[in-house]
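Residue strings, one per chain:
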Amino acid sequence: SARAFAQERGLAPSLQGAEGGVGSGGRSSASGATALVLGSTGFAGRYLVNALGRTGTRLVLPVRHNENHSQHLRLMGDLGQVSLRHYDCGGDFLRKPEELRRLAAGCDIVVNAVGRDYDTHHFRMREVHVDFARNVAAAAAAEGAGRLVHLSALGAGPESSSERLRTKWEGEEAVREAFPGATVLRPAPMTGVEDRLLNNLAVQTLLYPFMPVVEGGHARLQPVYVADVAQALMACLGDDATAGRSYDLAGPDVFSLRELTDWVQDTIREPRRGVPVPAAALRLFDQPRQWLVKRAPMLLGTTNLMLTADWADTLEQDLVVEDGGEDGLDALGVAKTAVHKGLAAEFVRFWRQGGYDVGTEGT
């Protein structure tokens, strides 16, 4: 049976499909399970896809980019195991529950990693984080998916000053209502090769003669390595007791924003004088962009996310696991990776303007 096949090879209970499996386990096997991953071309999404692909899971990946932006996903599963489904970039896919049901049909697992950091002409954060999340959960429930994993964000709550974090919390509530057994993962700001935290700090350092630091950089962050988030997903799918629960995912170290900025500058050998920027000034600076990006059909939302009003709102709270709170990575048995050491920090070093080895000799 599929369950016996999976148990013999150490596959998770949620990855034991109904059709049975073949092979000796691993990427070039077929576990018999099928997973729908929404947001697969995003930062976290590609790591989640790769983790699932390593178990021989069939993958259904809706994408709205051309082949150049999604071809890397084909390599994360063996031949025939990865199905890319292209859809209209204008947004019809996200707004059609019947299309989500068609995609979820026959899937044992549904993972929603879709999110927005700012409003655009096509999509508002509330539409993506709440309405779309609700439709995904409803489709998963209607099509009989065994597990649903929903990515939210650490700090999400109804009282947050950040619209992104407020809508993330509303999305969690909507998902729970439609699919009570959903597992919610709340990662802290994630780091990795494609991240929008350390990379943005490096870009700001290289672009400006001084470093703007919101409110002096006193806000505390507990960033998590994105590969650890992928391992947390697999741990949840490996234990059916995690269904219906929420997990805060954060790394082993807590930094102030100023400490994180100083570390990036030291790493890329580009010291900059930090200039405290009041959050109110950043909100005022961002108003013209906010007005324009909601009305212009062209892509104007690629500004540095650390210079947006919502980032200023986000920093009014500490993005750390609360004292006495349950740390999700520990609870799931996932070893934490320090984001400022070893391989996890390697991509930051390539921002050095004089080459990777600049400053390593004669200093």
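Because the structure is predicted, anything quoted here is derived from the model rather than measured.

Chemist: What should I look at first to understand the side chain of Thr 55 in this one?
Modeler: Secondary-structure assignment places Thr 55 in the loop between helix H2 (43-53) and strand E2 (58-63). A polar contact is formed between the side chain of Thr 55 and the side chain of Thr 57, at a distance of 2.7 Å.

Chemist: Please explain the sheet that holds strand E11 (residues 246-249) as it appears in this structure.
Modeler: Two modes of strand pairing occur in sheets, parallel and antiparallel, and in both the strands are linked by backbone hydrogen bonds. Taken together, the seven strands give an open sheet; going across it, the order is E3-E2-E1-E4-E5-E6-E11, and neighbouring strands pair in parallel fashion. The two strands at the open ends of the sheet, each matched to only one other strand, are strand E3 (82-86) and E11. Strand after strand, the sheet turns through a mean of 15° between neighbouring axes, direction not considered. Inspection of the sheet shows strand E1 (residues 34-38) paired to E2 by three bridges, in the parallel sense. Looking at the pairing, Thr 34 lines up with Arg 58 of E2. The strands touched by helix H6 (residues 163-178) within the sheet are strand E5 (147-151), strand E6 (183-187) and E11, with E5 carrying the most contacts at an inclination of about 170°.

Chemist: Explanation requested: the side chain of Asp 248 in the structure shown.
Modeler: By secondary structure assignment, the location of Asp 248 is in strand E11. Among the polar contacts listed, one links the side chain of Asp 248 to the side chain of Arg 186, at a separation of 3.2 Å.

Chemist: What exactly am I supposed to notice about the pattern of salt bridges here?
Modeler: Pairs may arise between side chains of opposite charge once their charged atoms sit close together. Under the criterion given, the structure shown has 17 salt bridges. For the salt bridge of Arg 126 with Glu 170, the shortest nitrogen-to-oxygen distance reads 2.3 Å. Of this pair, Arg 126 sits in helix H5 (residues 125-142) while Glu 170 sits in helix H6, placing them 44 residues apart in sequence. By relative accessible area, which is 36% here, Arg 126 ends up partly exposed. Here Arg 147 makes a salt bridge to Asp 240, at a shortest N to O gap of 3.4 Å. Taken together, the positions of Arg 147 in strand E5 and Asp 240 in the loop between helix H8 (226-237) and E11 put the pair 93 residues apart, joining distant regions of the chain. Asp 240 sits in the partly exposed class, given a relative accessible area of 45%. Among the charged side chains, a network of salt bridges with common partners joins Glu 172, Arg 186 and Asp 248.

Analysis parameters
Residues numbered from 1 in each chain as written. Predicted model: local features only at pLDDT ≥ 70, side-chain atom pairs only at ≥ 80, totals over all residues. Heavy atoms only, no water. Helix = DSSP H or I, 4+ residues; strand = E, 2+ residues; numbered from the N terminus. Polar contact = N/O pair within 3.5 Å; in protein donor to acceptor, adjacent residues only side chain to side chain. Pairing = 2+ DSSP bridges. Axes fitted to C-alpha atoms, helices over the stretch in contact; angles between N-to-C directions. Contact = heavy atoms within 4.5 Å. Salt bridge = Lys/Arg side-chain N within 4 Å of Asp/Glu carboxyl O. Buried < 20%, exposed > 50% of the residue type's maximum accessible area, 1.4 Å probe, protein only.

None of this, on its own, says anything about what the molecule does.
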